[in-house]
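Okay, here's what each chain looks like letter by letter:
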Amino acid sequence: MGPGHFGIAFAAKPAAPKVPLWVLLVASEALDLLCFGFVTIGIEKVGASQTDLSWGVTVLVPASIPWSHGLFMSAIWSAVAGGIAYLVFRERRTSAVVGLVVFSHWILDFIVHLPDLPLLFDGSPKVGLGLWAIGAGVVISGILEIALLAGGVVLYVKKRTPRKGKGKGSDHPHQG
Ligand SMILES: [Zn+2]
C-alpha cells in the first residue's frame, strides 16, 4: 500500500485513454481493497509489525493474505479486471492495460514486502524481496514510491498536453 501504486495508474492512462483515471487508480489498489474486504469478512488476516527507521520493518505476527495478495489469486484478479474492462470498452489493448495495472500492485508489493505473499494459498511458499526490512529500506522505498508517483504523473501530464488545444485547428486525421 502506498502512493507508488498510483504512479502506475497515471503512467497507464495514456495507454488506455478511454478508461477514466479514477478507474485506473482504483485498479492499482484493487488488491488492497480486496484485502480490506477479505479481512472484514474474516478470510484474511493482517499481521502485526513494528517499523523502526534504522532497522526497517520487523514482523511480529505474519499476515495471511493469500486471497488478495497470493501470486495465483493476483493473476486471477488481474484477469477478471481485464475481462470486465473488455466487456465495457471492447478493446483488447484497454483490457490488457487494466489487467496489468491490477497486477502491477503485486509486483511493487513483491519488491517491498517481507515474504508474506504466498505463491498459491496458505501453506505454499511465500515471497517478497523485503526492501522494507533492509536497513533504511522503509525510507528508501518511501522515496522510490514518491519518485514512481511523480514519474507517473509527469508521464500522464506530458501525454495529455498535446490534446489540450481547445480549438480543433487541424481536423484532418492523418490517413494511413
Ligand atoms: Zn498490497
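In what follows, the structure referred to is the one given above.
Please read these numbers as outputs of a predicted model, since none were measured by experiment. (Residues numbered from 1 in each chain as written. Predicted model: local features only at pLDDT ≥ 70, side-chain atom pairs only at ≥ 80, totals over all residues. Heavy atoms only, no water.)

**Concerning the pattern of salt bridges**
Across all of its chains, the model carries one salt bridge by this definition. A salt bridge links Glu 91 to Lys 18, with the nearest nitrogen and oxygen atoms 2.7 Å apart. Of this pair, Glu 91 sits in the loop between α5 (71-89) and α6 (92-112) while Lys 18 sits in the loop between α1 (3-12) and α2 (21-28), and the two are 73 residues apart along the sequence. Exposure remark for Glu 91: the relative accessible area of 27% places this residue in the partly exposed category. For Lys 18, a relative accessible area of 48% translates into the label partly exposed. (Salt bridge = Lys/Arg side-chain N within 4 Å of Asp/Glu carboxyl O. Helix = DSSP H or I, 4+ residues; strand = E, 2+ residues; numbered from the N terminus. Buried < 20%, exposed > 50% of the residue type's maximum accessible area, 1.4 Å probe, protein only.)

**Focus on the nonpolar core**
Core analysis: the largest hydrophobic core is formed by 19 residues, its most contacted members being Val 19, Leu 24, Ile 65, Val 97, Val 98, Val 101 and Val 102. It is α6 that contributes the most residues to this core, five residues altogether. Those residues in contact with Val 97 that lie beyond four places of it in its chain are Ala 12, Ala 15 and Ala 16. (Core = buried A, V, L, I, M, F, W, Y, C linked by side-chain atoms within 4.5 Å. Contact = heavy atoms within 4.5 Å.)

**Focus: the coordination of the zinc ion**
Looking at the metal site, the zinc ion is ligated by Asp 32 (OD), His 69 (NE2), His 105 (NE2) and Asp 109 (OD), spaced 2.0 to 2.2 Å from it. Bound by four donor atoms, the zinc ion shows angles of 85 to 172° at the metal and therefore irregular coordination geometry. When the donor residues of the zinc ion are listed from N- to C-terminus, their spacing reads D-x36-H-x35-H-x3-D. Of this pair, His 105 and Asp 109 are both found in helix α6, four residues apart, which corresponds to roughly one turn of the helix. By the burial criterion, His 105 is buried, and Asp 109 matches it. (Donors = N, O, S within 2.8 Å, 3.2 Å for Na, K, Ca; no water. Tetrahedral: all angles 85-135°; square planar, octahedral: opposite > 155°, others 65-115°.)

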